[in-house]
Amino acid sequence: MAQNVTVKRLTSTLSCTTSAPLSNLLDQCILSKLLRDARRVHALILKSPFAQEVYIQNRLIDGYAKCGSLEDAQKVFDKMTERNTFSHNSVLTGLVRFGLIEEALRVFGLVPEPDHCSWNSMVAGFAQHGRFRDAVEWFARMHQEGFVRDEYAFGSVLSSCSGLEDVGMGMQVHGLLVKYPCSGDVYMGSALVDVYAKCGYVGDARKVFDGMEEKNTVTWNTLITCYEQNGPVGEALEVFRKMMESGFGPNEVTLASITSACATLTAIREGEQIHAQALKSDVYRDDLILSNALVDMYAKCGRVNQARWVFDRMPVRNVVSETSMVSGYAKAASIEAAKSLFSRMTDRDIVVWNALMAGYAESGENEEAVSLFRLLKRDSVWPTHFTFANLLSACSNLADIRFGRQIHAHVLKHGTRFQTGPDSDIFVGNALIDMYMKCGSVKDGCWAFDNMLERDKVSWNAMIVGFAQNGFGLEALEKFRRMLEFGEQPDHITMIGVLSACSHAGLVKEGRQYFDSMTNKHGLAPLKDHYSCMVDLLGRAGCLQEAKALIDTMPMPPGKVIWASFLAACRVHHDIEMAKYVAEKLLEVDPSESGAYILISNLYAELGRWKDVNGVRKLMKEQGVVKQPGCSWIEVQNHVHVFMVKDRTHPFREDIRLLLLRLTKQMKVSGLNGDLEANEDHTDEISTYCYPSELLAGVG
């Protein structure tokens with residue numbers, strides 16, 4: 001307001017013998033960005049003896065452009081009886097500022113003798129408006145035309161190299177820059193660090209940074225962001241510490257980058273310290289970008305309530321804020337809260353759709369994930385690779401191969417190539433393999449694997465584990481051999497698949513060799529899951545003493561999974577004494593584990609020791625142990641039928657009961673009644689419909 005009063009007063013009283021005071025008034029107009037004042041000065045110029053002076057007219061064109069009126073600037077330019085290069089440059093600068101690049105090109109062609117400012121305006125215009133290739137081309141043309149490139153030209157072309165992520169071009173510009181006096185400029189150094197950072201060349205970015213004699217906050221921010229986006233992320237915190245020690249105060253960009261690094265590292269303590277620092281500043285407390293980063297950090301660290309606290313106190317929110325909050329709720333299994341916030345969002349991008357879909361899949365609400373995809377298609381939202389990966393995960397959990405194939409068709413229509421790179425989509429191919437394998441379609445899983453342009457360790461693991469889960473033990477081992485031939489080193493998941501394959505194929509000798517090779521050849525210390533696979537392998541083969549010896553030498557306490565697996569093996573091989581020992585161990589780990597009682601009871605039943613069966617069942621009652629009823633389901637003609645033990649609700653229950661009775665008689669005639677005789681009174685169970693749920697599902 002004070003500047004406005006000053007300009008108004010001066011324009012009414014000013015009397016001058018040169019145009020310098022008028023130029024000073026235009027400077028004030030440019031600072032205030034007030035078009036009305038610029039027009040007042042223009043009126044004063046028209047009444048002065050300097051109305052036709054080229055210099056003051058050039059300044060007026062520049063003032064109008066910077067006050068936001070390109071139309072007024074153009075009118076002044078058009079009425080000039082005499083123009084020079086600066087006149088054209090003023091118009092060029094205004095056109096570039098408004099993004100009218102094609103018009104700027106036309107005006108550039110009219111400049112009688114373009115100077116380096118003309119060229120700089122064009123290079124800067126291209127860079128500022130995303131035409132990076134044109135910026136690089138015009139920078140090269142400057143050299144061909146014999147113009148000396150200054151820090152402005154270098155700054156624009158380096159910005160374009162960052163935008164293109166073209167490290168080769170960036171290195172060429174770097175090589176040229178060192179020959180110029182401006183090479184030591186702090187802005188040039190910061191721009192070079194940014195080029196290498198955006199291209200992922202972290203070592204080169206650090207080398208340029210360390211070689212700079214002068215640094216500013218932008219320089220430090222650029223290196224922090226480099227580590228935050230490219231890794232190692234922990235180094236971003238170290239650079240921030242050194243920045244503070246060097247006397248540079250952080251700004252909102254610094255704090256946002258460091259907060260994002262804390263989110264990646266789930267470094268909640270450091271994140272809370274950054275938050276506390278932001279709260280102390282009136283400038284940063286309500287900054288949108290920093291607040292978004294804080295919401296994201298707390299959400300990723302599992303502190304959903306703190307994320308919501310920041311979210312609720314934001315004076316302005318955008319889709320990023322809401323997406324981070326939905327994602328946080330989804331990851332914390334607060335699906336209803338995520339769904340509620342999602343439904344209230346007016347601007348929903350694909351990121352938030354993916355976040356909620358992932359939350360559904362991870363929480364086991366797979367049908368909801370599928371329904372959300374249908375809603376996404378109805379709203380004409382374009383899916384991404386992450387959408388398909390989440391959906392395929394849901395299909396895997398549902399074992400819904402029909403819908404999985406539909407998603408596969410969508411994947412192919414979107415041109416997915418299953419390869420690594422800046423827009424890597426290889427994880428979609430891996431999800432396809434996993435889906436087909438879990439649905440039992442090994443052939444389709446192999447097709448997906450064979451048609452991937454590139455494969456990573458996860459791809460090989462999905463195949464090996466998939467083969468093992470579907471009983472193709474030899475094929476799993478052959479795939480493992482091929483994996484090693486391709487130079488891919490196994491990890492713990494690979495070896496679980498390999499050992500499971502040996503177990504299913506009964507390859508005891510090979511299983512021992514692969515187990516030993518984990519430590520001797522691949523440098524992998526066996527985990528509890530690997531010991532579990534070996535106990536299962538040895539138990540299936542009847543090597544019960546060897547399995548017990550392996551358990552006794554485990555470097556970690558065996559869990560109930562290992563003891564339960566071993567107990568099942570004892571039952572299969574009718575080793576009642578070992579079974580008693582193992583059952584005791586299993587109940588020490590989990591006294592409420594009904595599986596131990598059931599297995600030992602069934603073992604007694606198979607041996608005809610009905611008194612002991614009754615004793616076990618009596619003990620279960622005394623201990624308050626309740627066996628959860630079995631549940632199975634089967635899809636018939638697009639309808640899912642669910643069965644539970646003692647189920648009397650199915651509409652076809654009588655038909656199923658009669659069929660079961662007929663099948664039972666046929667099994668007894670064929671001598672396949674071992675499992676049935678494990679029950680005390682089989683006739684009663686038939687009449688009361690007490691069949692195992694999976695048997696009911698099989699009949700369905």
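Sequence order as written defines the numbering, with residues in each chain counted from 1. At least 70 in pLDDT is required for a residue's local features to be given in this predicted model, at least 80 for side-chain atom pairs to be given and counted, and no such filter applies to totals for whole chains, interfaces and linings, which use all residues. Just so you know, side-chain values use all the structure's heavy atoms and leave hydrogens and water out.

Let us look at the overall build of the protein chain. Assigned secondary structure in the protein chain consists of 41 helices and two strands. In terms of overall size, the protein chain is more extended than a compact globule, its C-alpha atoms giving a radius of gyration of 37 Å where 700 residues would be expected to give roughly 27 Å. When the backbone C-alpha atoms are referred to their principal axes, the protein chain occupies close to 125 × 55 × 50 Å. Taking all 700 residues of the protein chain together, the buried fraction comes to 46%. Whether two residues are in contact is decided by their heavy atoms: any pair within 4.5 Å suffices. Within the protein chain, residue pairs in contact and separated by at least 24 positions form 59% of the contacts whose partners lie at least 6 positions apart. Computed with a 1.4 Å probe, the accessible areas rest on the Shrake-Rupley method; for each residue, only the protein chains presented here act as cover. Of the roughly 35,200 Å² of accessible surface on the protein chain, a fraction of 53% belongs to carbon and sulfur atoms. Helix and strand labels come from DSSP, where a helix needs a run of H or I of at least four residues and a strand needs a run of E of at least two; each type is numbered from the N terminus. In this setup the radius of gyration rests on C-alpha atoms only. A globule is expected at 2.2 Å times the number of residues raised to 0.38. Exposure classes here rest on a 1.4 Å probe applied to the protein chains alone. A residue is buried below 20% of its type maximum, exposed above 50%, and partly exposed in between.

Turning to the state of the cysteines, a few remarks are in order. Only a pair of cysteine sulfur atoms within 2.5 Å counts as a disulfide in this structure description. Applying the stated criterion across every chain, the model contains zero disulfides. The cysteine cysteine 301 is free of any disulfide, with cysteine 262 supplying the nearest cysteine sulfur at 7.6 Å. Looking at the unpaired cysteine 395, the closest cysteine sulfur is the one in cysteine 439, lying at 7.2 Å.

Interpretation of this model should avoid reading the predicted coordinates in detail wherever pLDDT is low. Along the chain, pLDDT gives the predictor's confidence residue by residue, from 0 to 100. Within the protein chain, residue pLDDT values average 86, and 93% of them lie at 70 or more. Here residues 676-697 is a poorly scored stretch, pLDDT under 50, and it has 51 contacts once near neighbours within four places are set aside; other chains count.

The salt bridge definition used is simple: a Lys or Arg side-chain nitrogen within 4 Å of an Asp or Glu carboxyl oxygen. Enumeration according to the criterion identifies 31 salt bridges in this entry. Measuring nitrogen to oxygen at the nearest pair gives 3.3 Å for the salt bridge that ties aspartate 194 to lysine 198. Here aspartate 194 and its partner lysine 198 are both found in helix α12 (residues 186-198), four residues apart, which amounts to about one turn of the helix. Close ionic contact of arginine 378 with aspartate 379 constitutes a salt bridge, the shortest N to O distance being 3.6 Å. When its relative accessible area of 64% is taken as the criterion, arginine 378 is described as exposed. Aspartate 379 gets classed as partly exposed once you look at its relative accessible area, which sits at 33%. Salt bridges sharing partners connect three or more residues here, namely Asp27, Arg59, Asp62 and Lys66.

Core analysis: the largest hydrophobic core is formed by 194 residues, its most contacted members being Ile407 and Phe566. Setting aside chain neighbours within four positions, we find isoleucine 407 in contact with Phe373, Phe388, Leu391, Leu392 and Cys395. What we call a nonpolar core is a set of buried Ala, Val, Leu, Ile, Met, Phe, Trp, Tyr and Cys residues that are connected through their side-chain atoms within 4.5 Å.

Looking now at the packing of aromatic side chains. For any pair of aromatic rings, geometry is given as the distance between the ring centres together with the angle between the planes. Any pair of Phe, Tyr and Trp rings, taking the six-membered ring for Trp, is counted once the centres come within 6.5 Å. Such a pair is stacked with planes under 30 degrees apart, edge-to-face with planes over 60 apart, and tilted for the rest. Under the defined criterion, the tally for this structure stands at 18 aromatic pairs. Considering the side-chain rings of tryptophan 119 and phenylalanine 147, the 5.9 Å spacing of their centres and the 45 degrees angle between planes classify their relative orientation as tilted. Of this pair, tryptophan 119 sits in helix α8 (residues 116-128) while phenylalanine 147 sits in the loop between α9 (132-144) and α10 (151-164), placing them 28 residues apart in sequence. Between tryptophan 220 and phenylalanine 248, the ring centres sit 6.0 Å apart and the planes meet at 45 degrees, which makes this aromatic pair tilted. Note that tryptophan 220 is positioned in helix α14 (residues 217-230) and phenylalanine 248 in the loop between α15 (234-245) and α16 (252-265), a separation of 28 residues in sequence. Ring-over charges, as used throughout, are those where CZ of Arg or NZ of Lys falls within 6 Å of the ring centre and within 35 degrees of the ring normal. Seen from the ring of phenylalanine 77, arginine 83 lies directly overhead, with NZ or CZ sitting 4.2 Å from the centre. Seen from the ring of phenylalanine 449, arginine 455 lies directly overhead, with NZ or CZ sitting 4.4 Å from the centre.

As for its placement among the helices and strands, valine 616 is situated in helix α37 (residues 610-623). Taking the relative accessible area as the measure of exposure, valine 616 reaches 10% and is therefore buried. Taking the C-alpha atoms as reference points, valine 616 and arginine 131, 485 residues apart in sequence, are found 79 Å from one another.

Only C-alpha atoms enter the line fits that serve as axes; for helices the fit covers just the stretch in contact. Angles between N-to-C directions range over 0 to 180 degrees. Packing of α12 against helix α13 (residues 202-211) brings their axes to within 7 Å, and their N-to-C directions diverge by 170 degrees. Judged by the inter-axis angle, α12 sits roughly antiparallel to α13. The crossing of α12 and α13 is left-handed. Taken together, the residues of α13 that come into contact with α12 (itself represented by Gly189, Leu192, Val193, Tyr196 and Ala197) are Asp204, Ala205, Val208 and Phe209. Nonpolar residues are Ala, Val, Leu, Ile, Met, Phe, Trp, Tyr, Cys and Pro. Charged residues are Asp, Glu, Lys and Arg, and all others, Gly as well, are polar. Residues belonging to the contact of α12 with α13 are distributed by class as follows: seven nonpolar, one polar and one charged. Orientation categories follow fixed angle ranges, with anything under 35 degrees roughly parallel, anything over 145 roughly antiparallel, 65 to 115 roughly perpendicular, and all other angles oblique. If you view the pair so one helix is near and one far, a crossing is left-handed when the near helix is turned anticlockwise from the far one by less than a right angle, and right-handed when it is turned clockwise.

For the rest of this paragraph, the subject is the packing of α8 against α9. At a closest axis distance of 7 Å, the pairing of α8 and α9 adopts a crossing angle of 160 degrees. When the axis of α8 is compared with that of α9, the two are roughly antiparallel. Classified by chirality, the crossing of α9 by α8 is left-handed. Contacts from His116, Trp119, Asn120, Met122, Val123, Phe126 and Ala127 of α8 reach α9 at Phe132, Asp134, Ala135, Trp138, Phe139, Arg141 and Met142. Across the contact of α8 with α9, the residue classes tally to ten nonpolar, two polar and two charged.

It is worth spelling out unusual backbone geometry at this point. A cis geometry characterises the amide bond from glycine 231 onward to proline 232, with omega recorded as -10 degrees. Secondary-structure assignment places proline 232 in the loop between α14 and α15. Even without glycine at this site, threonine 266 takes up a positive phi of about 50 degrees. Position of threonine 266 relative to the elements: it lies in the loop between α16 and α17 (268-279).

Attention now moves to α14. Multiply 1.5 Å by the residue count of a helix minus one, and that product is the helix's expected span. Over its 14 residues, α14 extends 20 Å from the first C-alpha to the last, a length consistent with the 20 Å expected when each residue adds 1.5 Å. In terms of residue burial, α14 counts as a mostly covered element, since ten of its 14 residues are buried. Turning to α14, its buried residues number three or more, namely Thr219, Trp220, Asn221, Thr222, Leu223, Ile224, Thr225, Cys226, Tyr227 and Glu228. In the core, the buried residues of α14 are packed alongside α12, α13, α15 and α16. Downstream of α14 by a residue or two, glycine 231 has a phi angle that is positive, lying close to 85 degrees.

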